[in-house]
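Survey of secondary and tertiary structure
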Amino acid sequence: MTHTDVRAALTDLLLTPGLDLDEAADRHFAPDYRQRTDGEWADRAEFLDHIAHLRTVVADGSVEVHDELTAGDLYADRHTMTVVKTDGTTVRMEVYLFGEFAPDGRFRRIEETTLMLEGTDGDRNLGSAR
């Protein structure tokens, strides 16, 4: 079975202008998807609210995966997300992620911790801002 991965998911969600948010989410996230970022849980609807907000803030960016591991229905990675915001500033975050796949290969659950490498204090909550 083919699984999604964080690079494909983030590219579709944030870095592909014109791709409908629901279509992007359906490609990579199961209907019962949940996510915990820096200790805050969000269900799929709350996660999509977060992504909708980010789409108004992010003008461009990239995802660099440093380490990635898949074992059965489990997924882990360490990646750096760099975004150029619509105001021209740059935010870079290193993310440590553990996830679980649904039987169809989409993410069912992600738990992640973020470490800001570049940005302002106001950017610290970018990983969970709504």
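Shown above is the structure to which this text applies.
Small disclaimer: the values here were computed from a predicted structure and weren't measured.

This next bit is on the packing of aromatic side chains. For the structure shown, the criterion picks out seven aromatic pairs. Ring geometry for Phe-29 and Phe-47: centres 5.0 Å apart, planes at 55°, overall tilted. Of the two residues, Phe-29 is situated in strand β1 (residues 29-37) and Phe-47 in helix α3 (residues 44-57); the sequence distance between them amounts to 18 residues. As far as burial versus exposure is concerned, Phe-29 and Phe-47 are alike and both buried. Their ring planes at 65° and their centres at 5.7 Å tell us that Tyr-75 and Phe-101 sit as a pair that is edge-to-face. Of this pair, Tyr-75 sits in strand β4 (residues 74-85) while Phe-101 sits in strand β5 (residues 90-101), and the two are 26 residues apart along the sequence.

At a minimum axis distance of 9 Å, the contact between helix α1 (residues 6-14) and helix α2 (residues 21-28) shows a crossing angle of 170°. The angle between the axes of α1 and α2 places the two elements in the roughly antiparallel class. Taken together, the residues of α2 that come into contact with α1 (itself represented by Ala-8, Ala-9, Asp-12 and Leu-13) are Leu-21, Ala-24, Ala-25, Arg-27 and His-28.

Quick look at the packing of α2 against α3 now. One can describe the packing of α2 onto α3 by two numbers: an axis separation of 11 Å at closest approach and a directional angle of 130°. Between α2 and α3, the crossing angle belongs to the class labelled oblique. Our pair here, α2 against α3, has a crossing hand that is right-handed. Between α2 and α3, the contacting residues are Leu-21, Asp-22, Ala-24, Ala-25 and Asp-26 on the first element and Arg-44, Leu-48, Ile-51, Ala-52 and Arg-55 on the second. Class assignment for the residues of the contact of α2 with α3 results in six nonpolar, no polar and four charged.

Another point: α3. With 14 residues, α3 extends 20 Å between its outermost C-alpha atoms, agreeing within 8% with the 20 Å of an ideal straight helix rising 1.5 Å per residue. Each element contacted by the buried residues of α3 is listed here: α1, α2, β1, β2 (40-43), β3 (58-71) and β4. For α3, the capping residue at the N-terminal end is Asp-43, with a side-chain oxygen 3.2 Å from the backbone nitrogen of Ala-45.

When glycine is set aside, most residues are seen to have a negative phi, and most peptide bonds are trans. The residue Asp-38 is not glycine, and still its phi comes out positive at about 50°. Within the element layout of this structure, Asp-38 appears in the loop between β1 and β2. Judged by its relative accessible area of 40%, Asp-38 falls in the partly exposed class.

Cut-offs used in this document
Residues numbered from 1 in each chain as written. Predicted model: local features only at pLDDT ≥ 70, side-chain atom pairs only at ≥ 80, totals over all residues. Heavy atoms only, no water. Phe/Tyr/Trp six-rings, centres within 6.5 Å; stacked < 30°, edge-to-face > 60°. Helix = DSSP H or I, 4+ residues; strand = E, 2+ residues; numbered from the N terminus. Buried < 20%, exposed > 50% of the residue type's maximum accessible area, 1.4 Å probe, protein only. Axes fitted to C-alpha atoms, helices over the stretch in contact; angles between N-to-C directions. Parallel < 35°, antiparallel > 145°, perpendicular 65-115°, else oblique. Contact = heavy atoms within 4.5 Å. Left-handed = near helix turned anticlockwise from the far one by under 90°. Nonpolar A, V, L, I, M, F, W, Y, C, P; charged D, E, K, R; others polar. Expected span 1.5 Å × (residues − 1). Polar contact = N/O pair within 3.5 Å; in protein donor to acceptor, adjacent residues only side chain to side chain.

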